[in-house]
Amino acid sequence: MFLKISKFFLYVSLLSVVVVMTTTFFPFIGGKDYFFRFSVELALIFFILWWAFEDHNNSAWHKIKNVAQKPLFIAVSAFVLMVLLASFFAYDPHAAFWSNYERGEGSFQMIHYYAFFSLLVLLFEKKEEWRWFFKVFLAAAICMILYGLFADLGWASNFISQYQGGAGPCTAAANGVAPCSPFATVWHRLVDGRFQGSLGNPAYVAPYLMFSIFYALYLWATSRFAKHWLSWLLYGGLTFALFFFFMTSQTRGAFLGLGVAIFAAFVYSAFRIKRLRIWFGVIAAVFLLGGIIAVHYSNTPFVQSLPAGRLLQLSTSDSSAQTRFWTWGSAWKGFKERPILGWGPENFSTVFDKYFDPRHFIPGASTETWFDRAHSIYFDYLAETGI
């Protein structure tokens, strides 16, 4: 009984993405943290209760010994240990361990991630349990999207974000050309702004939906009725919907990453599957050529009018890209000063201030001169936890 309850709270923890607490200072973050941590803590408590009172064969200890020998588990454990050590020797240990209300990360959150990971590999031993895990994940993704839809279409209030909500009436009506149809108004409300769902930031929506798309495709491919029209309708339609909102988040980094991953998958398949090598090679070439053409014509009115037109405007001279490069330079200098355990989690703002690149500040312009992230996971960890 206790074991089933523990698994139940692991499933429940996936719903944290839907939680929004408008009474907190950072409504899209605090509630998710509390919900996730509380769910994981309850899952851990009931696992221990099962071990203490219902596990008469001491199978829990055998599970732990078996999992502890796995290379992946050892690697993750070593990583978490390094984060904890980096927090102990951090420039500001308090910030490194507890983080803040805006980010909700730090070592305290990392411990919960580790408990979550450990319980998953200990308790989810059957394929069907993972399938249900992915199904709950997708249910949470659907709720996240519905939250954003209600906000964008004006069906709910108290949604807080600079990105939330489209431009209202469509462009044609706003310019006095011709009134828009109800469908056109709804369409423009969806695509004029960057979709953020219940996550509070489009940059979080895109990678979250990348995982969602993968899980939907996995469930589709492994379904007992994979070739049945109902599976095509359910998982195929869901995959299309998830990809649509992935595009409307207009997050160029995620879009570029997904494109490179798809291209690499076709190239890899061309080498691995000999009987389909020509087909995979042709698809990879067409995919690459299409991407080059789309980027080349990214500044044309037609491409810019598409929901994902912004995604194709890739340039290293873009102001957003430039600030990233400058910030990575600051992170690299901070890493060279403290290369072993870094400055500690949630201490990047100190590195950024100490090695501030003055190009961030442009007199008379609205520029961002404060960063608490390097906006690259590699440079973040190099600066905060060292090599």
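Not measured: the values here are computed from a predicted model.

## Notes on the pattern of salt bridges
Phase 1: Scanning the model with the defined rule gives eight salt bridges in all.
Phase 2: E129 is the salt-bridge partner of K7, the closest N and O atoms lying 2.6 Å from each other. Separated by 122 residues along the polypeptide, K7 in helix 1 (residues 2-13) and E129 in helix 7 (residues 127-152) bring together distant segments of the chain.
Phase 3: By relative accessible area, K7 is classed as buried at 17%.
Phase 4: Here the salt bridges do not stand alone but share partners, grouping E105, E346 and R373 into one network.

## Brief notes about the packing of aromatic side chains
Phase 1: Taken as a whole and judged by the stated rule, the model has 40 aromatic pairs.
Phase 2: Between Y91 and W343 the ring centres are 5.8 Å apart and the planes differ by 50 degrees, which places this aromatic pair in the tilted class. Taken together, the positions of Y91 in the loop between helix 4 (71-88) and helix 5 (93-98) and W343 in the loop between helix 15 (319-337) and helix 16 (348-354) put the pair 252 residues apart, joining distant regions of the chain.
Phase 3: Residue classification places W343 among the buried residues on the basis of a relative accessible area of 3%.
Phase 4: Between the aromatic rings of F195 and F245, the centroid separation amounts to 4.8 Å while the plane-to-plane angle is 45 degrees, which identifies the pairing as tilted. Of this pair, F195 sits in the loop between helix 9 (182-191) and helix 10 (202-222) while F245 is found in helix 11 (residues 229-248), placing the two residues 50 residues apart along the sequence. Take F195 and F245: they sit in the same class, and that class is buried.

The rules behind these values
- Residues numbered from 1 in each chain as written.
- Predicted model: local features only at pLDDT ≥ 70, side-chain atom pairs only at ≥ 80, totals over all residues.
- Heavy atoms only, no water.
- Salt bridge = Lys/Arg side-chain N within 4 Å of Asp/Glu carboxyl O.
- Helix = DSSP H or I, 4+ residues; strand = E, 2+ residues; numbered from the N terminus.
- Buried < 20%, exposed > 50% of the residue type's maximum accessible area, 1.4 Å probe, protein only.
- Phe/Tyr/Trp six-rings, centres within 6.5 Å; stacked < 30°, edge-to-face > 60°.

Function cannot be inferred from these measures alone, as they are strictly geometric.
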